[in-house]
There are 2 protein chains.
Amino acid sequence: MALTELEGAVLTEIAHRGNHTSFKVRRAFQTSPSSSWSGSAGAVYPAIARLERAGLILAEPGTSRRGTRILSLSTAGAEALKAWLFDGETACSIGADPFRLRSGLWNTLGEEDRRKVVRTMKAAVEAEMAKLVSRTALDPVEDVGNDLAIRLQQLRLDWLDEFDRALPG
Amino acid sequence: MALTELEGAVLTEIAHRGNHTSFKVRRAFQTSPSSSWSGSAGAVYPAIARLERAGLILAEPGTSRRGTRILSLSTAGAEALKAWLFDGETACSIGADPFRLRSGLWNTLGEEDRRKVVRTMKAAVEAEMAKLVSRTALDPVEDVGNDLAIRLQQLRLDWLDEFDRALPG
DNA sequence: CCGAACATGTAACCTGTTACATGATTAC
DNA sequence: GTAATCATGTAACAGGTTACATGTTCGG
């Protein structure tokens, strides 16, 4: 069974934290800074149900009357997660980067628009960067990805500086 | 009308190349190195149909009997593209990065697995990098995004080097 | 003439989104 | 008691994927 990115991320959540419930998995995605996860109930609950049907996660009833169930990985689930972690082709592919997608066309704009776009984007990158910096030191696993996100924003900022310097004047 | 990333990319394709047909737009996505575009007919043709219905692109019949139509942006389409290009919040958000998503858990693996994963990922990044380098100098607009993709892979490589050096021995 | 490439689309399916529905527990 | 939060899910919809269907043009 090939895992989607969300399913892999769900297995990751369950594996690296203990005593996780569906709700906590969902909230982890909701509070994630990445725009690619909405953490919508309509995505997370069905994904967990799929993984359970596929025998990759186990659920045992919790103690409360709310019907909460404690999730854990089965042996097959741990194997599937490892295969997902070690899949270099997927892990190292270039994902969907909205900045990169637009960058080519920014160059073709008139001088006035190029100035405007560089100002707008610098401000937006700096705002994102500030959010990311304020999020560090929450969790050793999350911090690694957060650090990579900061480096990506720094790369964008450097690129914008070059773009700026290439403008006349 | 808020544009999806695919719709924005379609407008970009049509705007920056002349005399584009649906087929050529589709092929541009098929040959794109980004894994996020499959260039499937079931995505591109409906997207073009939506944009046409929304009055953002115009189509005039071509000369051949194949039913090809030459696409161009309407005034509204050019405005929509510009708004999409200048939307800093979307452009500078952190997209879906499969490498970043996995990076946190790589740190939690045992020493043997950490060594294995760093080797696998370095090889995968270098393979991707080679593909990207061989693609440069095709088109001034595409080259900008290609250059950013190369920088992203270089960032990953640097990160993997640090990861490697942090390993005992 | 035949196969490859050009060219356009549709249908079944899967996954994710928003919005809604439902109920339990806790803090005040 | 009641508002916020915890907790789980479903329904309608949007968009993408694969696979298929159909016909044209061109090179050999």
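Residues numbered from 1 in each chain as written. Chains lettered and ligands numbered in written order. Predicted model: local features only at pLDDT ≥ 70, side-chain atom pairs only at ≥ 80, totals over all residues. Heavy atoms only, no water.

*Asks:* Hey, could you run me through the pattern of salt bridges in this one?
*Replies:* Pairing between side chains of opposite charge can happen when their charged atoms approach one another. All names here are of chain A. Inspection of every chain in the model, using the stated rule, returns 30 salt bridges over all chains. Between Glu 13 and Arg 17 there is a salt bridge, with its nearest N and O atoms 3.0 Å apart. Arg 17 gets classed as partly exposed once you look at its relative accessible area, which sits at 24%. A cluster of three or more residues bridged by salt bridges with shared partners is formed by Glu 13, Arg 17, Arg 135, Asp 139 and Glu 142. (Salt bridge = Lys/Arg side-chain N within 4 Å of Asp/Glu carboxyl O. Buried < 20%, exposed > 50% of the residue type's maximum accessible area, 1.4 Å probe, protein only.)

*Asks:* Can you help me understand the protein's contact with DNA strand C in this one?
*Replies:* Near DNA strand C there are 19 residues, and of these A:Ser40, A:Gly42, A:Arg66, B:Phe23 and B:Arg66 occur at the shortest range. Among atoms of DNA strand C positioned within 4 Å of the protein, sugar and phosphate together represent 75%. Within the contact set of DNA strand C, a phosphate oxygen lies 3.0 Å away from a side-chain nitrogen or oxygen of A:Ser38. B:Tyr45 has a polar side-chain atom sitting 3.5 Å from a phosphate oxygen of DNA strand C. At the level of secondary structure, the elements contributing two or more residues to the surface near DNA strand C comprise α3 (41-53) of chain A together with α2 (22-31) and α3 (41-53) of chain B. (Near = heavy atom within 4 Å. Polar contact = N/O pair within 3.5 Å; in protein donor to acceptor, adjacent residues only side chain to side chain. Helix = DSSP H or I, 4+ residues; strand = E, 2+ residues; numbered from the N terminus.)

*Asks:* Hey, could you run me through the domain arrangement of chain A in this one?
*Replies:* A common way to state how big an interface is: give the accessible area lost once the parts meet. Residue and element names in this part refer to chain A. For chain A, the assigned domains are domain 1 (5-91) and domain 2 (98-165). A C-alpha centroid distance of 30 Å is found between domain 1 and domain 2. Listed by partner, the interface residues are four residues for domain 1 and six residues for domain 2. Approximately 380 Å² of surface area, both sides summed, lies buried where domain 1 meets domain 2, with 50% of it carried by carbon and sulfur atoms. The largest share of the area that domain 1 buries against domain 2 comes from His 16, Arg 17 and Pro 33, three residues that together contribute 83% of it. At the junction of domain 1 and domain 2, the tally comes to two salt bridges. Across the pair Arg 17 and Glu 142 runs a salt bridge whose closest N-O atoms are separated by 3.5 Å. Summed over the shared surface of domain 1 and domain 2, the result is four residue pairs in polar contact (both at pLDDT 80 or more). Of the residues in the side of domain 1 that touches domain 2, the class split is one nonpolar, two polar and one charged. (Domains from an automatic or database assignment. Contact = heavy atoms within 4.5 Å. Buried area = accessible area lost by both parts, 1.4 Å probe. Nonpolar A, V, L, I, M, F, W, Y, C, P; charged D, E, K, R; others polar.)

*Asks:* When you look at the interface of chain A and chain B in this model, what are you seeing that I'm missing?
*Replies:* Chain A puts 58 residues into the contact, and the matching count from chain B is 58 residues. The partner of B:Lys82 in a salt bridge is A:Asp113, with the nearest N and O atoms 2.7 Å apart. One can count 18 residue pairs in polar contact (both at pLDDT 80 or more) joining chain A with chain B. Looking at which element gives the most residues to the side of chain A that touches chain B, the answer is helix α8 (residues 140-165) of chain A, with 13 residues.

*Asks:* Before we go on, may I ask you to explain the relation of the copies chain A and chain B in this structure?
*Replies:* Take chain A, turn it by 180 degrees, move it 0.0 Å along the axis, and it overlays chain B with an RMSD of 0.1 Å. The superposition of one copy onto the other is thereby described by a two-fold rotation axis. Rotation axis and chain A: the residue whose C-alpha lies nearest the axis is A:Ala96, separated from it by 2.8 Å. A shared binding surface is used by both copies, with 100% of the interface residues of chain A retained as interface residues in chain B. (Least-squares fit on C-alpha atoms with pLDDT ≥ 70 in both.)

*Asks:* Would you take a moment to explain the side chain of A:Arg114 for this structure?
*Replies:* All names here are of chain A. Note on placement: Arg 114 falls in helix α7 (residues 111-135). One buried charged side chain, Arg 114, makes no salt bridge at all; its nearest oppositely charged neighbour is Glu 111, positioned 5.5 Å away. Ignoring anything within four residues of it in the chain, the contact list for Arg 114 reads Trp 106, Asn 107, Leu 109, Phe 163, Leu 167 and Pro 168. (Lys, Arg positive; Asp, Glu negative; His and termini not counted.)

*Asks:* In this structure, what is going on with helix α7 (residues 111-135) of chain B? I would like to understand it.
*Replies:* Residues that lie three or four places apart on an α-helix share one face, since the helix turns once every 3.6 residues. Given a rise of 1.5 Å per residue, 25 residues ought to cover 36 Å, and the 36 Å separating the end C-alpha atoms of α7(B) matches this to within 8%. Taken together, the buried positions of α7(B) are occupied by B:Asp113, B:Arg114, B:Val117, B:Val118, B:Met121, B:Lys122, B:Ala124, B:Val125, B:Glu128, B:Met129, B:Leu132 and B:Arg135. Packed against the buried residues of α7(B) are α4 (75-85) and α5 (88-91) of chain A together with α2, α6 (98-106) and α8 (140-165) of chain B. (Expected span 1.5 Å × (residues − 1).)

*Asks:* Before we go on, may I ask you to explain α6(B) in this structure?
*Replies:* With eight of nine residues buried, α6(B) is to be regarded as a mostly interior element. Here α6(B) has its buried residues at B:Pro98, B:Phe99, B:Arg100, B:Arg102, B:Ser103, B:Gly104, B:Leu105 and B:Trp106. Where the residues of α6(B) are buried, they touch α1 (5-16), α4, α5 and α8 of chain A together with α7 and α8 of chain B. Here α6(B) starts with a cap whose side-chain oxygen sits 2.9 Å from the backbone nitrogen of B:Phe99, and that cap is B:Asp97.

*Asks:* Would you explain the side chain of B:His20 in this entry?
*Replies:* Residue and element names in this part refer to chain B. Inspection of the secondary structure puts His 20 in the loop between α1 (5-16) and α2. Judged by its relative accessible area of 5%, His 20 falls in the buried class. Within polar-contact distance, the side chain of His 20 engages the side chain of Glu 13 at 3.0 Å. Ignoring anything within four residues of it in the chain, the contact list for His 20 reads Glu 13, Val 25, Arg 69, Ile 70 and Leu 71.

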